[in-house]
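The lines below spell out each chain.
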Protein chains: 2
Amino acid sequence: MTDVATARRSRITPEREAELYEAVLELLREVGYDALTMDAIAARTRSSKATLYRQWGGKAELVVRAIRYSKPDATGDIDTGSLRGDLHAVVTLEDDCTHERNSALMRGVAMAMHNNPDLREALRAQLVDPELSDFQTVIQRAIDRGEVRADCPALEFMLHMLVGGFATRMLLDDQPPTQAFLTSYIDAVVLPALGVDPTA
Amino acid sequence: MTDVATARRSRITPEREAELYEAVLELLREVGYDALTMDAIAARTRSSKATLYRQWGGKAELVVRAIRYSKPDATGDIDTGSLRGDLHAVVTLEDDCTHERNSALMRGVAMAMHNNPDLREALRAQLVDPELSDFQTVIQRAIDRGEVRADCPALEFMLHMLVGGFATRMLLDDQPPTQAFLTSYIDAVVLPALGVDPTA
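Residues numbered from 1 in each chain as written. Chains lettered and ligands numbered in written order. Predicted model: local features only at pLDDT ≥ 70, side-chain atom pairs only at ≥ 80, totals over all residues. Heavy atoms only, no water.

- In the nomenclature of an unreviewed UniProt entry, chain A is known as TetR/AcrR family transcriptional regulator of Streptomyces roseirectus.

Next comes the structure, spelled out in structure tokens:
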């Protein structure tokens, strides 16, 4: 599937591909997934709808590729020597402007995920599972260093804690999730839940 | 504002009011806030649009009243003698079927909140602030009992932790937030973050 998609996309330049993804993300933040049409994407990017379908197969694939394109790939490479350092590094990989745009993006797809099984499966396979696997690398190193117990019950809720703090910031406080908010939340909630003293 | 609204609504029976709210919630879960129209509500409830506008003023007010109507009012009354008991009682106030419906409801309004300041303000004033104040009662008792330190940094993230676990369950695991999931999450994340040993 990935190879076919890559082969299909190879007909356009990387610059053009980036431009297309930016436009898709922009529309997604503006109107959400359900109201996003291939017509609107074609119009904004001055492409033909036929080209979009030929290169990406459909809306769900195009949207997930665009979201994936926008994410830094570096979580798995982070290794600062402490769990606190690693988690702070994760939330400072992206600047506040990007955090705010990602927060809008998440609102744009959260409702649609439930009603579109194809979107849900693509997001899980291409975003949630890789993210989880990157966090498992970070966590395994913390366990190996003796910072976190391997049987700590909070471990199975790593993404719930982190994504939850990110997703509820705007909902509850009417403010975007900034680096400052996310690092405070990690120190106050995530590390203590894992049995790690953030002041140590 | 509340008195005017109550006076206006007093022209219809409580049964009819409940029936209207149920229909609004059903539509909200189905199509989300933005796609929800007063026409659709009028059609489903066999009311005239003029009646709906006269009695509720507009879509945001009608939607927030309907959500508020669906919430049990009892969080503030919970007093089991321990924070763990109180938090478990909060999530078992509603059965799993209701948790699943509330999760769909939250998806339905999360995107819209951002684009509709009137909806956001109504939700904050009528739902988030009262909820926060109920939790503060529960937390204050835990502090008074010596279970939680008054300066515990996780205290300012109570709703982020709880709403976050609730909101991310479907997003990350493709499963509704059940009582069993929420009580495990409270024991694994919320209580340890607050410095409370859930096995004590």
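## Structural notes on the overall build of chain A
Phase 1: Counting its secondary structure elements, chain A contains 10 helices and 0 strands.
Phase 2: If you list the helices and strands of chain A from N to C, you get α-α-α-α-α-α-α-α-α-α.
Phase 3: When the backbone C-alpha atoms are referred to their principal axes, chain A occupies close to 55 × 40 × 30 Å.
Phase 4: Counting the 200 residues in chain A, one finds 51% classified as buried.
Phase 5: As presented, chain A carries roughly 9,000 Å² of accessible surface, and 52% of it is formed by carbon and sulfur atoms.
Phase 6: Separation between the mean location of the 22 positive side-chain charges and that of the 31 negative ones in chain A comes to 7 Å. (Helix = DSSP H or I, 4+ residues; strand = E, 2+ residues; numbered from the N terminus. Buried < 20%, exposed > 50% of the residue type's maximum accessible area, 1.4 Å probe, protein only. Areas by Shrake-Rupley, 256 points an atom, 1.4 Å probe, with all protein chains shown as cover. Lys, Arg positive; Asp, Glu negative; His and termini not counted. Charge placed at Lys NZ, Arg CZ, Asp CG, Glu CD.)

## Focus on the nonpolar core
Side chains that are nonpolar tend, in soluble globular proteins, to be buried together.
Phase 1: Residues Leu83 and Leu194 of chain A together with Leu83 and Leu194 of chain B are the most contacted members of the largest nonpolar core, which totals 130 residues.
Phase 2: Those residues within four positions of Leu194 of chain A in sequence are excluded, and the remaining contacts are Leu83, Val148, Cys152, Ala154, Leu155, Met158 and Met161 of chain A. (Core = buried A, V, L, I, M, F, W, Y, C linked by side-chain atoms within 4.5 Å. Contact = heavy atoms within 4.5 Å.)

## Comments concerning the relation of the copies chain A and chain B
Phase 1: Rotating chain A by 180 degrees about the axis while translating it 0.0 Å along that axis superimposes it on chain B, leaving an RMSD of 0.0 Å. The relationship between the two copies is best expressed as a two-fold rotation axis. Considering only C-alpha atoms, the residue of chain A closest to the rotation axis is Gly164 of chain A, which sits at 1.8 Å.
Phase 2: Of the residues that chain A buries at the interface, 97% are likewise interface residues in chain B, meaning the two copies contact each other through the same surface. (Least-squares fit on C-alpha atoms with pLDDT ≥ 70 in both.)

## Side note on the interface of chain A and chain B
Phase 1: Counting residues at the interface gives 37 residues for chain A, matched by 37 residues for chain B.
Phase 2: Of the roughly 3,100 Å² buried at the junction of chain A and chain B (both faces included), carbon and sulfur atoms supply 71%.
Phase 3: Joining chain A to chain B, the criterion identifies 4 salt bridges.
Phase 4: Here chain A and chain B share 8 residue pairs in polar contact (both at pLDDT 80 or more) between them.
Phase 5: The set of elements that each furnish at least two residues to the side of chain A that touches chain B consists of α2 (14-35), α7 (96-115), α8 (117-144), α9 (158-173) and α10 (179-193) of chain A.
Phase 6: When residues in the side of chain A that touches chain B are grouped by element, the largest group, 11 residues, is from α9 of chain A.
Phase 7: A class-by-class count of the residues in the side of chain A that touches chain B yields 21 nonpolar, 8 polar and 8 charged. (Buried area = accessible area lost by both parts, 1.4 Å probe. Salt bridge = Lys/Arg side-chain N within 4 Å of Asp/Glu carboxyl O. Polar contact = N/O pair within 3.5 Å; in protein donor to acceptor, adjacent residues only side chain to side chain. Nonpolar A, V, L, I, M, F, W, Y, C, P; charged D, E, K, R; others polar.)

## Considerations on the layout of surface pockets
Phase 1: By volume, the largest pocket is sized at about 910 Å³.
Phase 2: Residue lining of the largest pocket: 35 residues in total, with Lys71, Met106, Leu127, Glu131 and Val163 of chain A positioned closest to the centre.
Phase 3: Elements represented by at least two residues in the lining of the largest pocket include exactly α5 (59-70), α6 (83-92), α7, α8, α9 and α10 of chain A together with α9 (158-173) of chain B.
Phase 4: Residue contributions to the lining of the largest pocket peak at 8 residues, all from α8 of chain A.
Phase 5: A class-by-class count of the residues in the lining of the largest pocket yields 24 nonpolar, 5 polar and 6 charged. (1 Å grid on protein atoms, 1.4 Å probe; cavity = no way out; pocket = protein on both sides within 12 Å on 5 of 7 lines; lining within 4 Å. Points joined across faces, edges and corners; volume = space filled by probe spheres on them.)

## As for the packing of aromatic side chains
The description of an aromatic ring pair rests on the distance of the ring centres and on the angle between the ring planes.
Phase 1: Counted according to the given criterion, the structure contains 10 aromatic pairs over all chains.
Phase 2: Ring centres of Phe157 of chain A and Tyr185 of chain B lie 5.5 Å apart, and the angle between their planes is 85 degrees; this geometry places the pair in the edge-to-face category. With one member in each of two chains, Phe157 of chain A in the loop between α8 and α9 and Tyr185 of chain B in helix α10 (residues 179-193) form a pair that bridges those chains. No difference in accessibility class separates Phe157 of chain A from Tyr185 of chain B, as the two residues are buried.
Phase 3: Ring centres 6.1 Å apart and planes at 20 degrees place the aromatic pair Phe181 of chain A and Tyr185 of chain A in the stacked group. Of this pair, Phe181 of chain A and Tyr185 of chain A both sit in helix α10, separated by 4 residues, roughly a single helical turn. An identical accessibility class is assigned to Phe181 of chain A and Tyr185 of chain A; each is buried. (Phe/Tyr/Trp six-rings, centres within 6.5 Å; stacked < 30°, edge-to-face > 60°.)

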